[in-house]
Amino acid sequence: MNILIMKKTRFLAFLLIATISFFLTVACERLTTTPNVVRNTPPTVQLTVSAAASLKDAMEAIKPVYLAKNSETAIAYNFGSSGSLQQQVEQGAPVDVFVAAAAKQMDNLQKKGLLIDETRQDLLTNQLVLIVPKENTKIKGFKDLPGDAAKKIALGEPESVPAGKYAKETLTFFKLFDAVKAKAVYAKDVRQVLNYVETGNTEAGIVYETDAKTSDRVKIVEIAPSNSHARIVYPIAVIKASKHIEAAKQFVQFLSSPEAKTMFEKYGFKRA
C-alpha cells in the first residue's frame with residue numbers, strides 16, 4: 001500500500017513539474033519574440049536640423065508626423081537667419097540637415113565642400129509682402145513708405161537674412177531704397193521683423209507671406225512683384241559632417257514627399 005502511495009506521489013510531483021516547465025517555456029518564448037509589445041524602445045538616432053526662421057511653424061507641424069513613422073529617430077530643430085545658420089555649419093556645429101531661405105547660403109557651403117552634393121535640392125518657394133499693424137489705414141503699399149505715415153520700417157539684415165536681401169532688392173526696384181533707408185530698423189531674422197510690426201515698434205515691415213499669415217495682428221497691404229527681387233527659394237541638403245547620413249537623407253526625402261508637400265501648403269509655401 002505504501003509503495004502505491006509513493007508511486008502516486010512521485011507521479012503527481014512529476015506532473016506538476018512538467019506543467020510548470022511548460023508554462024515557463026511559453027512565457028519565455030513570448031518575452032523573447034515580442035519585445036516591442038511589452039516595452040518602448042528609445043530613439044537611437046538624434047538628428048539636428050537647422051532651418052530658416054520662416055519655416056518654424058511648418059517644420060514643427062511636420063515633426064510629429066515624421067516621428068510617428070520613424071520611432072527610432074529624434075529631431076532637434078535650430079531656427080534662425082540663414083546667414084547665421086551657415087556660419088554655424090562652417091564653424092563645425094553638429095548639424096545633419098540644413099534648410100536655407102536663399103540659394104546664397106547653400107552655395108557658400110557647397111563651395112567649401114561641406115554638403116553631400118547629391119542631396120541638395122530646391123524644396124519650397126514663397127512670396128514677399130509688405131505688412132502693417134492691423135489697425136493701420138495710412139499705409140496701403142510700397143509707394144507710401146517714404147511719407148510721414150511710416151516713421152520706421154522693419155527689414156531683415158540684408159547681408160545675413162534672405163528676406164532682408166529680397167526686401168532691399170524690392171525697394172531698389174521701386175526706386176525707394178535711398179528714400180527710406182534712414183527709417184530702416186534691421187532685425188536678426190524674419191520673425192523679428194514680424195514682431196516689430198506686431199508690437200507697433202515699426203509702422204511697416206517686409207516679410208514672407210507665410211510669416212504674415214501666422215499673425216492676426218498684422219495685415220498684408222501689398223505683395224512684391226515677382227520681378228522685383230530674386231526668386232525666393234528654400235534649398236535643402238545633408239551636411240557632409242553628419243554622423244547620421246542615412247537618417248538625414250531619409251528625412252530630406254520625407255520633406256520632399258506628397259504628404260509633407262500638403263502640410264507645407266497649409267502654411268502658404270509652394271513646391272519649388
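None of these values were measured; they are calculated from a predicted model.

1. So, the overall build of the protein
Now for step 1: From N to C terminus, the protein includes 11 helices and 11 strands.
Now for step 2: Scored against the burial criterion, the 272 residues of the protein give a buried share of 44%.
Now for step 3: If you take every contact in the protein between residues at least 6 apart in sequence, the share linking residues at least 24 apart comes to 79%.
Now for step 4: Accessible surface, the protein as shown: approximately 14600 Å² in total, 56% of it carbon and sulfur.

2. Some remarks on the packing of helix 3 (residues 56-69) against helix 10 (residues 245-255)
Now for step 1: Contact geometry of helix 3 with helix 10 gives a least axis separation of 12 Å together with a crossing angle of 115°. In terms of crossing hand, the pair formed by helix 3 and helix 10 is right-handed. Along the contact surface, helix 3 presents M59, I62, V65 and Y66, while helix 10 presents A247, Q250, F251, F254 and L255.
Now for step 2: Broken down by class, the residue content of the contact of helix 3 with helix 10 amounts to 8 nonpolar, 1 polar and no charged.

3. Here we look at the layout of surface pockets
Now for step 1: Its boundaries defined by the atoms lining it, the largest pocket holds a volume of some 180 Å³.
Now for step 2: For the largest pocket, the lining is made up of 14 residues, of which A93, P94, V95, A241 and S242 are closest to its centre.
Now for step 3: Looking at side-chain class alone, the lining of the largest pocket contains 7 nonpolar, 5 polar and 2 charged residues.

4. A closer look at the environment of K261
Now for step 1: Within the fold, K261 resides in helix 11 (residues 258-266).
Now for step 2: For K261 and L124, which are 137 residues apart along the polypeptide, the C-alpha to C-alpha distance reads 8.9 Å.

5. Points about the sheet that holds strand 2 (residues 73-80)
Two orientations exist for strands paired in a sheet by backbone hydrogen bonds: parallel and antiparallel.
Now for step 1: What the 6 strands build is an open sheet, ordered 2-1-3-10-4-11; its pairing is mixed. Looking at strand neighbours, the two that pair on one side only are strand 2 and strand 11 (270-271), the edges of this open sheet.
Now for step 2: Pairing of strand 4 (residues 121-125) with strand 10 (residues 233-238), which is carried by 4 bridges, proceeds in the antiparallel orientation. Note on strand 10: the bridge partner recorded for L124 is Y234.
Now for step 3: On the sheet, helix 3 packs against strand 1 (45-52) and strand 2 and is oriented at approximately 175° with respect to strand 2.
Now for step 4: Against the sheet, helix 5 (residues 103-111) contacts strand 3 (97-99) and strand 10, and its axis sits at roughly 25° relative to strand 10.

6. Describing the confidence of the model for the protein
Now for step 1: Mean pLDDT over the protein works out to 89, with 85% of the residues at or above the 70 mark.
Now for step 2: Segment residues 1-8 is flagged for pLDDT under 50; beyond a separation of four residues in sequence, or across chains, it makes 0 contacts in the model.

7. Some words on the environment of L47
Now for step 1: Residue placement: L47 occurs in strand 1.
Now for step 2: Classification of L47 by relative accessible area gives buried; the value is 0%.
Now for step 3: Separated by 196 residues in the primary sequence, L47 and K243 place their C-alpha atoms 8.9 Å from one another.
Now for step 4: The residues contacting L47, other than those within four sequence positions of it, are T73, A74, I75, A76, D96, H244, A247, A248 and F251.

8. Some words on the packing of helix 4 (residues 82-90) against helix 5
Now for step 1: One can describe the packing of helix 4 onto helix 5 by two numbers: an axis separation of 9 Å at closest approach and a directional angle of 15°. When the axes of helix 4 and helix 5 are compared, the pair comes out roughly parallel. The two elements helix 4 and helix 5 meet at a crossing, and its hand is right-handed. Residues S82, G83, Q86, V89 and E90 of helix 4 touch helix 5, and the partners they reach there are Q105, N108 and L109.

Thresholds applied
Residues numbered from 1 in each chain as written. Predicted model: local features only at pLDDT ≥ 70, side-chain atom pairs only at ≥ 80, totals over all residues. Heavy atoms only, no water. Helix = DSSP H or I, 4+ residues; strand = E, 2+ residues; numbered from the N terminus. Buried < 20%, exposed > 50% of the residue type's maximum accessible area, 1.4 Å probe, protein only. Contact = heavy atoms within 4.5 Å. Areas by Shrake-Rupley, 256 points an atom, 1.4 Å probe, with all protein chains shown as cover. Axes fitted to C-alpha atoms, helices over the stretch in contact; angles between N-to-C directions. Left-handed = near helix turned anticlockwise from the far one by under 90°. Nonpolar A, V, L, I, M, F, W, Y, C, P; charged D, E, K, R; others polar. 1 Å grid on protein atoms, 1.4 Å probe; cavity = no way out; pocket = protein on both sides within 12 Å on 5 of 7 lines; lining within 4 Å. Points joined across faces, edges and corners; volume = space filled by probe spheres on them. Pairing = 2+ DSSP bridges. pLDDT = per-residue confidence, 0-100. Parallel < 35°, antiparallel > 145°, perpendicular 65-115°, else oblique.

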